[in-house]
Amino acid sequence: MIPVPEAATIEAPRPSGRVVRDLLRVPGFLTTLFLNLTYLWIVAALFNTLVPLFAHDEIGMSTSAIGAMFAVGVAAEFLILFPAGALADRYGRRVVMLPSLAALVIMIVLLGTSTSALTLTLLLAVLAFCTGFAGVPPAAMLSDIVPSEQSGRGVGAFRFCGDIGFFLGPLIAGAASKSFGFDAAFAITAVVPAIAMLLTLRTGETLRQPVHS
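Residues numbered from 1 in each chain as written. Predicted model: local features only at pLDDT ≥ 70, side-chain atom pairs only at ≥ 80, totals over all residues. Heavy atoms only, no water.

Observations concerning the packing of helix 7 (residues 151–180) against helix 8 (residues 182–201)
Heads up, the condition is: A fitted line through C-alpha atoms serves as each axis, taken over the contacting stretch for helices, and the angle formed by two N-to-C directions is quoted from 0 to 180°. Numbering of helices and strands starts at the N terminus; helices are DSSP runs of H or I of at least 4 residues and strands are runs of E of at least 2. Handedness of each helix crossing follows the sense of rotation of the near helix against the far helix: counterclockwise by less than a right angle gives left-handed, clockwise gives right-handed. Contacts between residues were defined by any pair of non-hydrogen atoms, one from each residue, lying within 4.5 Å. Charged residues are taken to be Asp, Glu, Lys and Arg, nonpolar residues to be Ala, Val, Leu, Ile, Met, Phe, Trp, Tyr, Cys and Pro, and polar residues to be all remaining types, Gly included.
Axis separation between helix 7 and helix 8 bottoms out at 7 Å; the angle between their running directions is 150 degrees. Crossing angle aside, the handedness with which helix 7 passes helix 8 is right-handed. Here helix 7 contributes Ile 172, Ala 173, Ala 176, Ser 177 and Phe 180 to the contact with helix 8, which in turn contributes Phe 182, Ala 184, Ala 185, Ile 188 and Thr 189. Looking at the contact of helix 7 with helix 8 residue by residue, the class counts come to eight nonpolar, two polar and no charged.

Written out as structure tokens, the structure is:
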């Protein structure tokens, strides 16, 4: 008689709600989610909304001049992305994240004080330089802390929070500029990276140091 092999035991998947709760208990996970929200908030609220409106309505820049200004900003951010990643890998995520967030808060407020196209372009270039630094560590932090078997859900939550920032940024920035003026709108926009900086201060370093034998 030929023996019948035992049926393979298939482990039932864990409920999604339980996995999410487990991820929320991972140190630094909530901070990482908020950092991604902050980055896309800045992209949508500033680059896509406030800066073009401010440049046109307050400075009187033409459409082509605004486009040239953004080209300078994109180039500034592009140049810093690889060095920012190298610094984050070598010295840690917080070392890159904290100064960039502090600089972002200052630069966002300063943007609203611009009185000429040249000043606005220079400030936007510095702001883009800062966003280049601030945009790199969050994804690296996510990779540091999320267990490999939960990486899909971790990335989903990461993207979801980024979309929230991208969605709310233009709504709040646009409403603030219409109701309170550009100075207040820039200041309100700076609140989100300020909160992100406080959360990062309370979060330990996520970079795993290599074990030397």
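Considering the side chain of Glu 77
This is how the line gets drawn: Two N or O atoms count as a polar contact when they lie within 3.5 Å, although within protein this holds only if one can serve as hydrogen donor and the other as acceptor, and sequence-adjacent residues are included solely when both atoms are side-chain atoms.
Along the chain, Glu 77 turns up in helix 3 (residues 63–91). A polar contact is formed between the side chain of Glu 77 and the side chain of Thr 131, at a distance of 3.0 Å. Beyond its immediate chain neighbours, meaning those up to four positions away, Glu 77 contacts Tyr 39, Ala 128, Thr 131 and Gly 132.

Quick look at helix 7
Just so we agree on the cut-off: Expected helix span is taken as 1.5 Å per residue step, with the number of steps being one fewer than the number of residues. Note that the bend at a residue is defined as the angle between axes fitted to the seven residues ending at it and the seven residues starting at it. Buried means the residue's accessible area, taken with a 1.4 Å probe over protein chains only, is under 20% of the maximum for its type, while exposed means over 50%, and partly exposed covers the values in between.
For helix 7, which comprises 30 residues, the first-to-last C-alpha distance of 42 Å matches the rise-based estimate of 44 Å (1.5 Å per residue) to within 8%. If you look at helix 7, its biggest bend is around 30 degrees, right at Leu 168, and the proline Pro 170 turns up within four residues after that. Residues of helix 7 that are buried: Gly 154, Phe 158, Cys 161, Gly 162, Gly 165, Gly 169, Ala 173, Ala 176 and Ser 177. Immediately beyond the C-terminal end of helix 7, within one or two residues, lies Gly 181, with a positive phi of roughly 100 degrees.

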